[in-house]
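One letter stands for each residue in the lines below.
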Amino acid sequence: GVAAPPPFVGPFAFTAALGGCAALGNGRVLGVVNALLVGALLASFAALLALAAPAVSARGLLEPRDWGRAVDAFPICVLALVFHNVVPAVTRALRGEASAIRLAVLGGSAVPLVMFLLWDG
């Protein structure tokens, strides 16, 4: 058969493709690529949820939790500290329109929150 490539080939090719697109593409191309990747992310998450749904117990949602594991959320909290870097980019992209910016920030925060609650709930 065909020999598998070394482990570094996949990440290198992915980085080269996206980095090349970012370096050489214009804003419109990057927007389309980003939309396609976000769509693929949401579709794969929906498929993962659909496959895992039979193993979910509604009773488990109401049981007491072990808050000692809250420490595991620390990396997410640190990541949240860089959230402010997104706002200037969103503001520019939406040309300063306050209602559109508000909707984008709230929607952009709600989608991952819902994904997390569906997955970890």
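Preceding this section is the structure that the text describes.
Criteria and cut-off values
- Residues numbered from 1 in each chain as written.
- Predicted model: local features only at pLDDT ≥ 70, side-chain atom pairs only at ≥ 80, totals over all residues.
- Heavy atoms only, no water.
- Helix = DSSP H or I, 4+ residues; strand = E, 2+ residues; numbered from the N terminus.
- Rg over C-alpha atoms; globule rule 2.2 N^0.38 Å.
- Buried < 20%, exposed > 50% of the residue type's maximum accessible area, 1.4 Å probe, protein only.
- Patch = residues over 30% accessible without salt bridge, like charges linked within 9 Å, V, L, I, M, F, W, Y side chains within 5 Å.
- Areas by Shrake-Rupley, 256 points an atom, 1.4 Å probe, with all protein chains shown as cover.
- Salt bridge = Lys/Arg side-chain N within 4 Å of Asp/Glu carboxyl O.

A. Spotlight on the overall build of the protein. Scanning the protein from terminus to terminus reveals 5 helices and 0 strands. Along the protein, helices (α) and strands (β) appear in the sequence α-α-α-α-α when read from the amino end. Its C-alpha atoms give the protein a radius of gyration of 19 Å, more than 25% over the compact-globule value 14 Å for 121 residues. Along the first, second and third principal axes, the C-alpha set of the protein runs to 60 × 50 × 25 Å. Within the protein, the fraction of its 121 residues that count as buried is 5%.

B. Local environment of a nonpolar patch on the surface. Judged by side-chain polarity, Phe 8, Val 9 and Phe 12 come together as a nonpolar surface patch covering roughly 330 Å² of accessible area. Within the secondary structure layout, Phe 12 lies in helix 1 (residues 9–24). Among the residues examined, Phe 12 registers a relative accessible area of 59% and is labelled exposed.

C. Spatial organisation of unusual backbone geometry. Residues other than glycine seldom take positive phi values, yet Arg 95 does so here, at roughly 55°. The residue Arg 95 is located in the loop between helix 4 (86–93) and helix 5 (98–120) in this model. Look at Arg 95 and you get exposed, because its relative accessible area is 78%.

D. Representation of the environment of Gly 108 within the structure. Mapped onto the secondary structure, Gly 108 falls in helix 5. Each C-alpha atom of the pair Gly 108 and Ala 53 lies 24 Å from the other, and the pair is 55 residues apart in sequence.

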